[in-house]
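Chain and residue survey
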Amino acid sequence: MILLSIFAMTLLVFVSRYLFLEPRLPLKLNPQAQRLLSYSSPAVLTAIWAPIVFMPDKQLWLTPDNPYLIGAIVAAFTAWKTKNVLLTTFISMAIFLVLKLL
């Protein structure tokens, strides 16, 4: 039963992605739907990182000794200044690692 569920979910995800990504299919979204869907990626990413950064131990932690918060601030600043994803990743991970080891 679990294997059947996995295959069914795989099929559902594949078909839903294929319909919008295959250029030969005549399915197109109107501009309002495209504009609405443009907010989905930032919303999902924020829902993932915000609890990790602000509540790593299931409690709000907004002090300067929070390595998650400092790493996120450094990552945001580095991304803004350099516009380089790889450099941002390495710098913010290094800062986070140093803060966690101290």
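Residues numbered from 1 in each chain as written. Predicted model: local features only at pLDDT ≥ 70, side-chain atom pairs only at ≥ 80, totals over all residues. Heavy atoms only, no water.

1. So, the packing of aromatic side chains
This is how the line gets drawn: Any two of the Phe, Tyr and Trp rings considered here, Trp counted by its six-membered ring, make a pair once their centres fall within 6.5 Å; the pair's planes then place it as stacked at under 30 degrees, edge-to-face at over 60, or tilted in between. Two conditions define a charge located above a ring, namely a distance within 6 Å from the ring centre to NZ of Lys or CZ of Arg, and an angle within 35 degrees of the ring normal.
Evaluated as defined, the whole model comprises four aromatic pairs. Taking 6.0 Å as the distance between ring centres and 50° as the angle between the ring planes, the aromatic pair formed by Trp49 and Phe54 counts as tilted. In this structure, Lys81 is placed above the aromatic ring of Trp80, and the distance from its NZ or CZ to the ring centre is 4.5 Å.

2. Digging into a nonpolar patch on the surface
The following threshold applies: In this analysis, a patch consists of residues with relative accessible area above 30% that form no salt bridge, clustered at 9 Å for like charges and at 5 Å for the nonpolar side chains Val, Leu, Ile, Met, Phe, Trp and Tyr. Only the protein chains shown count as cover for residues, and the accessible areas themselves come from Shrake-Rupley with a 1.4 Å probe. Should a side-chain nitrogen of Lys or Arg be within 4 Å of a carboxyl oxygen of Asp or Glu, the pair is scored as a salt bridge. Each helix is a run of H or I in the DSSP string that is no shorter than four residues. Each strand is a run of E no shorter than two, and both are numbered from the N terminus. Partly exposed describes any residue whose relative accessible area lies between the buried limit of under 20% and the exposed limit of over 50%, with all areas from a 1.4 Å probe on protein chains only and scaled to the type maximum.
Nonpolar side chains collect at one region of the surface, where Leu11, Phe14, Val15, Tyr18, Leu19, Phe20, Leu21, Leu27, Leu29 and Leu37 lie side by side and expose about 960 Å² of accessible area between them. In terms of residue count, helix H1 (residues 2-21) provides more of the nonpolar patch than any other element does, seven residues in total. Within the element layout of this structure, Leu27 appears in the loop between H1 and helix H2 (31-37). We classify Leu27 as partly exposed; its relative accessible area is 39%.

3. A short note on the environment of Lys100
Definition in use: We call two residues contacting when some pair of their heavy atoms lies within 4.5 Å.
Checked against the element boundaries, Lys100 lands in helix H5 (residues 85-101). Of the residues examined, Lys100 reaches a relative accessible area of 44% and is grouped as partly exposed. Placed twelve residues apart in sequence, Lys100 and Thr88 show a C-alpha to C-alpha distance of 18 Å. Among residues more than four places away in sequence, those in contact with Lys100 are Pro67 and Tyr68.

4. Regarding the UniProt feature "transmembrane region" (unreviewed entry) in the chain
To be explicit about the condition: UniProt positions are given in the numbering used here, feature names are shortened, and annotations may be inferred rather than shown by experiment.
Residues annotated by UniProt as "transmembrane region" (unreviewed entry) correspond here to residues 37-56 and 68-99. Spanning residues 37-56, this segment combines 80% helix with 0% strand, and its end C-alpha atoms are found 29 Å apart. Taken end to end, residues 68-99 is 94% helix and 0% strand, and its two terminal C-alpha atoms sit 9 Å from one another.

5. Some details on the layout of surface pockets
For clarity, the threshold we go by: Points on a 1 Å grid, built from protein atoms alone, make a cavity when a 1.4 Å probe fits but cannot get out and make a pocket when they are open with protein on both sides within 12 Å along at least 5 of 7 lines; residues with an atom within 4 Å of a point are the lining residues. Grid points are joined across faces, edges and corners, and a volume is the space filled by probe spheres set on the points.
Space inside the largest pocket adds up to approximately 200 Å³. If you go around the largest pocket, the residues you meet are Ile48, Trp49, Ile52, Val53, Pro67, Tyr68, Gly71, Ala72, Ala75, Ser92, Met93 and Phe96. Going through the elements one at a time, helix H3 (40-54), helix H4 (67-82) and H5 are the ones with two or more residues in the lining of the largest pocket. Here the lining of the largest pocket takes five residues from H4, the largest share from any one element.

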